[in-house]
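Tertiary structure, described
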Amino acid sequence: MLDFIYYPVSGILWVWHKVFGAIPFLGPDSGITWALSVVFLVFTLRAVLYKPFVKQVRTTRQMQELQPQIKALQKKYSGDRQRQAVEMQKLQKEHGFNPIMGCLPVLAQAPVFIGLFHVLRSFNRTGTGIGQLGMSVEANANTPNYFFSVEDVQSFLSARLFGAPISAWITMPKAQLDAFAAYGPIPTVLNIAVVAVPLMIIASIATHFNSRASVARQSPEAAANPQSAIMNKLALWIFPLGVLVGGPFLPIAILLYWVSNNIWTYGQQHIVFRRIDQEEEEKKQAAIARRADNAPKPGARPDLTKKKKKSATATDGSSSADEPEIVEGVVEDGASDQVSGDGSAAGTSKPKPGARPQSNRGKSPKRKRR
């Protein structure tokens, strides 16, 4: 039914098992080889989901920035849910906000978790519970498991991590533990607990610190939201406690998956948050620099020359605002031009501002003869 999930997960696990199994001091039957295969299956998935994770962080921050506008829309259209939804979609579209991107990494990890759980449990199909086939020990050891051949299944059954098979869990029934008898000593509950309990504690602590880092980066407005407050308490305390309570029912390989996934998340979110903080700081500094370039220097008067030139050009396009207009007077024939010290002709008077210049003052104009 879910083979489209099981085959890719088992394929990635098979590739990493071949890689680490080729190392001389490990070998294909080593429990460390199988444990490293599970860990790098997680790392492969998280590397593929790196860009969606960055999108998730940006979406979360953008949602926090839009909280005041979202609350305003909710208050404005509190009596009209349909109009509220339309306006909310319009706001999201204007800001390029996609709520699905905030859930994509989590949604993508869930099928992998389910697929890994099923593939690991399918190495030992001797149980009779839900989803188990109730095979005999011999039939189980000679049945392939998706990408894994019969030899790979037998290698997995013989592998031990500090005395415990990585597909075993603390509450595993004795009938299923007997399936490991042909490929080594039958593991006891104590063997499994010695490996599983430290992994449960590490996974619980890592889950708490990852949630704590995410909560610390929330804005005060988002943290004050009642729904966010409830989710923060669940992430900080209930989810880590759930790992401790559910750990005895989970295979060692799933606990390895949980620990390695949290370690990757802890490192990745610090790198991504630092990068985004640096980008936002650079944008702020660039905006401050632009405002500083456009603003006048301290103590300097604003330059009004450009404004005067523009106003003078608009009122009179023929004359320049900086050059005065020179009016020449008319003198009688034979008289010499006497120039005063200020550059005007002697015997002439300057016209008053706004008055037209008058030529041949005191003389009647001569008429032309026809």
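Small disclaimer: the values here were computed from a predicted structure and weren't measured.

Some words on the packing of aromatic side chains
Applying the stated criterion to the full structure yields 16 aromatic pairs. Here the aromatic rings of Y6 and Y146 are separated by 5.6 Å at their centres, their planes lie at 55°, and the arrangement is tilted. Pair noted here: Y6 is in helix 1 (residues 3-21) and Y146 is in the loop between helix 7 (137-141) and helix 8 (150-158), with a separation of 140 residues, a long-range link. With centroids separated by 5.2 Å and ring planes inclined at 35°, the aromatic side chains of F43 and W264 adopt a geometry described as tilted. Residue F43 is located in helix 2 (residues 31-48), and its partner W264 is located in helix 13 (residues 252-294); the two are separated by 221 residues in the primary sequence. Linked through ring pairs, Y6, Y7, W14, Y146 and F147 together constitute an aromatic cluster.

Notes on the side chain of T207
Summarising the element assignment, T207 is placed in helix 10 (residues 189-216). Excluding residues that lie within four positions of it along the chain, T207 makes contacts with A235, F239, P240, V243, W258 and N262.

Structural notes on the pattern of salt bridges
For the coordinates displayed, the defined rule picks out five salt bridges. Residues D152 and K18 are paired through a salt bridge, measuring 3.3 Å at the closest nitrogen-oxygen approach. A residue pair is termed long-range when its members are at least 10 positions apart, and D152 in helix 8 and K18 in helix 1 qualify at 134 residues. With relative accessibility at 38%, the residue K18 sits in the partly exposed group. Close ionic contact of R275 with E279 constitutes a salt bridge, the shortest N to O distance being 3.5 Å. Here R275 and its partner E279 are both found in helix 13, four residues apart, which amounts to about one turn of the helix. Judged by relative accessible area, which is 40%, R275 ranks as partly exposed. Residue classification places E279 among the partly exposed residues on the basis of a relative accessible area of 25%. Salt bridges sharing partners connect three or more residues here, namely R83, E87 and K90.

Parameters and conventions
- Residues numbered from 1 in each chain as written.
- Predicted model: local features only at pLDDT ≥ 70, side-chain atom pairs only at ≥ 80, totals over all residues.
- Heavy atoms only, no water.
- Phe/Tyr/Trp six-rings, centres within 6.5 Å; stacked < 30°, edge-to-face > 60°.
- Helix = DSSP H or I, 4+ residues; strand = E, 2+ residues; numbered from the N terminus.
- Contact = heavy atoms within 4.5 Å.
- Salt bridge = Lys/Arg side-chain N within 4 Å of Asp/Glu carboxyl O.
- Buried < 20%, exposed > 50% of the residue type's maximum accessible area, 1.4 Å probe, protein only.

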